[in-house]
Amino acid sequence: MSDWQNQLGNLVYSTKTGKIDKKEVPAEILGEAYSDGFLRIERQTKGRKGKGVSIISGLSLPPEEFKKLAQTVKKKCGKGGAVKDGTIEIQGDDREQIKAVLESLGYKCKLAGG
């Protein structure tokens, strides 16, 4: 008998009962919040053929507000981007500009990762 679990620890498949439906992740757990209350802005090129993106993590917002914040940051920076896996990805490496926009919206930010 083998049981499989996904990353959240929910049972995905069991030989006793077969396929089991996924449970919805609560909206409050959308982003991974850090204990110090700061948003992290890091640059990443991994898996993007050398093109850099700035990743904003540490948000804990409902999905609607999360997408609105991403849209606001993208508009104010004049850049494209996406919302993926509880983070906001902004094209390019203008972390200082993103930090200024987020601070003007009332968030505390830190530049992460060199």
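Concerning the pairing of strand β4 (residues 39-44)
Working step 1: Strand direction decides the pairing type here: β4 and strand β8 (residues 109-112), joined by four bridges, are parallel. Opposite R40, over in β8, you have K110 as the bridge partner.
Working step 2: Bridge count between β4 and strand β5 (residues 53-57): five bridges; the pairing is antiparallel. Within β5, the position partnered with Q44 by the bridge is V53.

Remarks on the nonpolar core
Working step 1: Counting 16 residues, the largest nonpolar core has I56, L59, L69, V73, I88, I98 and L102 as the members making the most contacts within it.
Working step 2: Broken down by secondary-structure element, the contributors of at least two residues to this core are β4, α1 (63-77), β7 (87-91) and α2 (95-104).
Working step 3: Per element, the largest residue contribution to this core is five residues, and it comes from α1.

Describing the side chain of T87
Working step 1: Mapped onto the elements of the fold, T87 is located in strand β7.
Working step 2: By relative accessible area, T87 is classed as buried at 16%.
Working step 3: A distance of 2.7 Å separates a polar side-chain atom of T87 from the backbone oxygen of K84.
Working step 4: Residues in contact with T87, not counting those within four places in the same chain, are I55, I56, S57, F66 and A82.

Examining the packing of α1 against α2
Working step 1: One can describe the packing of α1 onto α2 by two numbers: an axis separation of 10 Å at closest approach and a directional angle of 125°. It follows from the interaxial angle that α1 and α2 lie oblique. Handedness of the crossing formed by α1 with α2: right-handed. Of the residues in α2, those touching α1 at L69, V73, K76 and C77 are Q97, I98, V101 and L102.
Working step 2: Looking at the contact of α1 with α2, its residues break down into six nonpolar, one polar and one charged.

Conventions and cut-offs
- Residues numbered from 1 in each chain as written.
- Predicted model: local features only at pLDDT ≥ 70, side-chain atom pairs only at ≥ 80, totals over all residues.
- Heavy atoms only, no water.
- Pairing = 2+ DSSP bridges.
- Helix = DSSP H or I, 4+ residues; strand = E, 2+ residues; numbered from the N terminus.
- Core = buried A, V, L, I, M, F, W, Y, C linked by side-chain atoms within 4.5 Å.
- Buried < 20%, exposed > 50% of the residue type's maximum accessible area, 1.4 Å probe, protein only.
- Polar contact = N/O pair within 3.5 Å; in protein donor to acceptor, adjacent residues only side chain to side chain.
- Contact = heavy atoms within 4.5 Å.
- Axes fitted to C-alpha atoms, helices over the stretch in contact; angles between N-to-C directions.
- Parallel < 35°, antiparallel > 145°, perpendicular 65-115°, else oblique.
- Left-handed = near helix turned anticlockwise from the far one by under 90°.
- Nonpolar A, V, L, I, M, F, W, Y, C, P; charged D, E, K, R; others polar.

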